[in-house]
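Close look at the chain arrangement
Given next are the chains, with one letter for each unit.
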Amino acid sequence: MKGFPNQISDIQKLTEVLLAFHELVVAGKNIHDEAVVGEALVRKELIGGRGKMSPEEYLKSQLKKTRSNQSYRATARGLNELFRILGLVEGDGVSNLTTLGTSIVEAAKSRSREEIIAFWKPAIHTLGHRDKDGFQSHPYQVLLRLVANHPGINRKMCALALEAKDDSETELQRILKLSHLDEEAAYKAIGVSKSN
């Protein structure tokens, strides 16, 4: 199954995160620096202590951990990867938002939730994801075909859209067969754990 960053799945919150990325770009900050991005997102209370502690307390608690165990860094890294996959950020070092990323930011400043979602649609629809062997699929397109061919599919089984190696009919048929198994049998068939 193709790995996919999923730290945040709410479009409104993702929009707020993208706005924070834009602010960092405008300030000349490196949006690929997970510490810079993570700290900014914690201070804006988009990630972190979730009301249990202040942003400062949360950051202090995180800095007591080893770098590899600092969750705000991992979340920032995952969000950066997601935005890269969606075609919203580009470049290395001090980078920029793409035209699509900038369009979403501009929409977020002046438009309704429905209009903002309309700007996200092209990013989701055209999302292409390549696995470690170089196979590329378009998970949202696979998902639409999966749901059309298996009405009433269990929501959890919709994640099988990430299992498709490519967009072929052969892969869709393989995924459809998996979607009719119970969850445990499907996990075993593709060699992933429940958490994956």
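Residues numbered from 1 in each chain as written. Predicted model: local features only at pLDDT ≥ 70, side-chain atom pairs only at ≥ 80, totals over all residues. Heavy atoms only, no water.

**Digging into the overall build of the protein**
A count of helices and strands for the protein gives nine helices and four strands. Tracing the protein from N to C terminus, the helices and strands come up as α-α-α-α-β-β-α-α-β-β-α-α-α. With respect to the three principal axes, the spread of C-alpha positions in the protein is 50 × 40 × 30 Å. Counting the 196 residues in the protein, one finds 40% classified as buried. When contacts within the protein are restricted to residue pairs at least 6 apart in sequence, those whose partners lie at least 24 apart make up 54%. The centroid of the 28 positive side-chain charges in the protein is displaced by 4 Å from the centroid of its 25 negative side-chain charges. (Helix = DSSP H or I, 4+ residues; strand = E, 2+ residues; numbered from the N terminus. Buried < 20%, exposed > 50% of the residue type's maximum accessible area, 1.4 Å probe, protein only. Contact = heavy atoms within 4.5 Å. Lys, Arg positive; Asp, Glu negative; His and termini not counted. Charge placed at Lys NZ, Arg CZ, Asp CG, Glu CD.)

**Structural notes on helix α8 (residues 169-179)**
Every buried residue of α8 is accounted for by E171, L172, I175, L176, L178 and S179. Angular distribution of buried residues about the axis of α8 spans 160°; they occupy a single face of the element. Those residues of α8 that are exposed and aimed more than 90 degrees away from the buried face are T170 and K177. Lining the buried residues of α8 we find α7 (139-149) and α9 (183-190). (Arc of directions from axis to C-beta.)

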